Every structure is written in structure tokens, then in C-alpha cells.
Amino acid sequence: MGSPILYSFRRCPYAMRARMSLLESGVEVELREVILRDRPEHMMEISPKGTVPVLLLSDGTIIEESLDIMLWSLDESWRVGDWKNLIDVNDGEFKHHLDRYKYNNRYENVLSSEEHREHAASILKTYDERLSNQAYLCGDSISLADLALSPFVRQFANTDRGWFDQLPLPHLHNWLEGILESNLFKGCMVKHKQWQEGDVPVSFGQN
Ligand SMILES: N[C@@H](CCC(=O)N[C@@H](CS)C(=O)NCC(=O)O)C(=O)O
């Protein structure tokens, strides 16, 4: 049987968290880089909801939520602290404000981009408070919450780097920089060209 197949998009924060988890676990997968406006037929067949990441296991099992890919790849020791609650807030409230900060004109809004930015920043302040007495979100070692949240904090930071950098959140700044400089993050951001049917398989994640 072949390797599992991962449909992924380099810049998608959900796909980033899945790729970091796969890299960390050492599971080797075949990576298929997707362009969202030109999604492969095979991906749409196995996962009609059409979001990335999607992982197809060799036994035919389809995992089509990034968190489920993380839980499949990482062992129990990664499930530290209140990771569930942190991921709920990130994928819910934080992502809501991030999208409306970044793409304000796409939404029917009552709030401005700046107001959404402030709401998201108030969530970041709670992360900074945690990080004031521990190196990572749920303790002194990297764990599930760090891998799951960091791609979204990165996206917030990159929306207006100057504004992010002047926020009085020194612990959060250090935490994000440490993750972005890590081999794990750099390894998950290696560029691949769009996958086409018939391409030579691109192997991802062996270490
Ligand atoms: N809940 C899903 C969300 C995945 C998701 O929304 N991915 C975005 C890309 S960042 C996507 O595929 N969007 C589909 C589209 O834009 O058409 C997960 O955690 O995997």
C-alpha cells in the first residue's frame, strides 16, 4: 500500500497545523499542493466539502478536519492542558475577528477592520499572559495548542506587521518568533508546485 495522501495548500493556516503535526510525527505522506480555485477532482470526490487539508489514509479512511489530522498524527503526550478550549476560541472567535480584520470589505459588518483587530488583540493578550510564566501555551514544552494556534497568530501578525510589533505583548512576540524560526515551521513551509494528475509523487514528512 502507498503512503497516505495529503491535499494541502501552503498558505492555509489549517493546512500548516496539519503539516507541522505530520512532520513532527515523522509519518511520510504524499503531498498534493492545491490551488483553491482549481481543486483536484479526486480531492472533491473524497471530500466534497472542498476544504484543505484532507488526508486520505492507505486503508481508504478520509480525515478532512485539520484538528483530526493533528490528533491522528500526534500521540497522547501532545494533548496538554486546555488545548480543546484554546482551539475552540482560536477557530471560533479569533478566526471570526481575524477574517473581518483582514478582509473587512467581504463582510456585511457592523464593526470596522480596526475594531475587529482590537477584539482579536484582546484574545492575544490572554496568550501573552499565559506565556509570561511558561515558554509555550500549555507549559514549558511545545504541544498541540502551539501547533494549532501559531499559524493563525502569524496570519494576524502579517496583516499589519508594524501594528503587531508595537503591541505590548512581548511574551507572545517571542513565542511566535521562536515557532516561525523552528525547523518544524520552516519544514512545513517548503514550496511545492500545484499538483496535477500523473505527477511524480512528492514525498513529505520523512525524517
Ligand atoms: N475546519 C476546517 C477548515 C479548513 C479551511 O477552511 N480551509 C480553507 C483554506 S485556509 C479552505 O479550504 N477554504 C475553502 C475555500 O476557500 O474555498 C479544518 O480545520 O480543516
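Keep in mind the model is a prediction, meaning the values are calculated, not measured.

K.L.:
Honestly, the overall build of the protein chain in this entry has me stumped. Any pointers?
P.N.:
When helices and strands are counted, the protein chain shows 9 helices and 5 strands. From first element to last, N terminus to C terminus, the protein chain shows the α and β order β-α-β-α-β-β-α-α-α-α-α-α-α-β. Over its C-alpha atoms the protein chain spans a radius of gyration of 17 Å, differing by no more than 12% from the 17 Å that the globule rule assigns to 207 residues. Taken over the C-alpha atoms alone, the protein chain extends approximately 50 × 40 × 25 Å along its principal axes. Split into buried and exposed, the 207 residues of the protein chain put 34% on the buried side. The long-range share in the protein chain, meaning contacts at least 24 apart out of those at least 6 apart in sequence, stands at 71%.

K.L.:
Whenever I open this one, the domain arrangement of the protein chain confuses me. Can you help?
P.N.:
One frequently used descriptor of interface size is the decrease in accessible area upon assembly of the parts. We note that the domain assignment places domain 1 (5-74 + 186-204) and domain 2 (77-182) within the protein chain. Of the residues lining the interface, 9 residues belong to domain 1; the matching set on domain 2 comes to 9 residues. By residue number, the principal contributor to the side of domain 1 that touches domain 2 is helix α1 (residues 13-25), which donates 5 residues. Taken together, the residues that form the side of domain 1 that touches domain 2 break down as 6 nonpolar, 1 polar and 2 charged.

K.L.:
Sorry if this is basic, but what is going on with the site of the ligand here?
P.N.:
Around the ligand sit F9, C12, Y14, L36, G50, T51, V52, P53, E65, S66 and L67, and those are all the residues in its vicinity. The residue makeup of the shell around the ligand, split by class, is 7 nonpolar, 3 polar and 1 charged.

K.L.:
What am I meant to see in the nonpolar core here?
P.N.:
Side chains of nonpolar character tend, in soluble globular proteins, to be buried together. L6, Y7, L144 and A145 are the most contacted members of the largest nonpolar core, which totals 50 residues. The two domains that each donate at least three residues to this core are domain 1 (5-74 + 186-204) and domain 2 (77-182). Excluding residues within four positions of it along the chain, L144 makes contact with M70, L74, W78, R79, V80 and W83.

K.L.:
Please explain the packing of helix α4 (residues 83-102) against helix α5 (residues 113-131) as it appears in this structure.
P.N.:
The axes of two packed helices give the description: the angle between them and the distance between them. Running from amino to carboxyl end, α4 crosses α5 at an angle of 150 degrees, the nearest separation of the two axes being 7 Å. By the criterion of interaxial angle, the relationship of α4 to α5 is roughly antiparallel. Like other packed secondary-structure pairs, α4 and α5 cross with a definite hand, here left-handed. Together, V89, E93, F94, H97, L98, R100 and Y101 of α4 and S113, H116, R117, H119, A120 and I123 of α5 make up the contact between the two elements. Looking at the contact of α4 with α5 residue by residue, the classes come out as 6 nonpolar, 4 polar and 3 charged.

K.L.:
Looking at this structure, I do not really get unusual backbone geometry. What am I missing?
P.N.:
Peptide bonds are, in most cases, trans, and in most cases residues other than glycine have a negative phi. Residue P53 is bonded to the preceding V52 through a cis peptide linkage, with omega at 5 degrees. In this structure, P53 sits in the loop between α2 (41-46) and β3 (54-56).

K.L.:
I tried to follow α1 on my own but got confused; where do I start?
P.N.:
The periodicity of an α-helix, 3.6 residues per turn, causes residues three or four places apart in sequence to face the same way. In this model, α1 (13 residues) spans 18 Å end to end at C-alpha, consistent with the 18 Å of a helix rising 1.5 Å per residue. Burial within α1 is extensive, with 11 of its 13 residues counted as buried. The inward-facing, buried residues of α1 contact β1 (5-8), β2 (29-33), α3 (66-73), α6 (144-159) and α9 (183-188). G26 lies just past α1 and shows a positive phi near 80 degrees.

K.L.:
Sorry if this is basic, but what is going on with helix α8 (residues 170-180) here?
P.N.:
Within α8, burial applies to L172, W175, L176 and I179. Mapping the buried residues of α8 onto a view down its axis gives an arc of 95 degrees, with all of them on the same face. Those residues of α8 that are exposed and aimed more than 90 degrees away from the buried face are P170 and E177. Summarising the contacts, the buried residues of α8 are in contact with α5, α6 and α9.

Conventions and cut-offs
- The residue numbers shown here count from 1 along each chain, following its written sequence.
- The predicted nature of this model means local features are confined to residues of pLDDT at least 70 and side-chain atom pairs, given and counted, to a pLDDT of 80 or more, with totals for whole chains, interfaces and linings taken over all residues.
- Helix numbering and strand numbering both begin at the N terminus, where a helix is a DSSP run of H or I of at least 4 residues and a strand a DSSP run of E of at least 2.
- This radius of gyration counts C-alpha atoms alone. The globule rule is 2.2 Å times how many residues there are, raised to the power 0.38.
- Neighbour counting defines burial: a residue surrounded by 20 or more other C-beta atoms within 10 Å of its own C-beta is buried, one with 12 or fewer is exposed, and intermediate counts give partly exposed, using backbone-placed C-beta atoms.
- Residue pairs qualify as contacts under a 7 Å threshold applied to their C-beta atoms, which are placed from the backbone.
- Domain start and stop points were drawn from an automatic or database domain assignment.
- Any residue outside Ala, Val, Leu, Ile, Met, Phe, Trp, Tyr, Cys, Pro, Asp, Glu, Lys and Arg is labelled polar, Gly included; the first ten of those are nonpolar and the last four are charged.
- Being near a molecule or strand means, for a residue, that its C-beta atom, positioned from the backbone, comes within 6 Å of it.
- Joining buried Ala, Val, Leu, Ile, Met, Phe, Trp, Tyr and Cys residues through C-beta atoms within 7 Å gives a set, and that set is a nonpolar core.
- Throughout, an axis means a line fitted to C-alpha atoms (over the contacting stretch in the case of helices), and angles, computed between N-to-C directions, take values from 0 to 180 degrees.
- When describing relative orientation, an angle under 35 degrees is termed roughly parallel and one over 145 degrees roughly antiparallel, while 65 to 115 degrees is termed roughly perpendicular and anything else oblique.
- Each helix crossing is assigned a hand: it is left-handed if the near helix lies turned anticlockwise from the far helix by less than a right angle, otherwise right-handed if that turn is clockwise.
- Here the expected length of a helix is defined as 1.5 Å per residue gap, with one fewer gap than residues.
- The arc in question is formed by the directions pointing from the helix axis toward the C-beta atoms.

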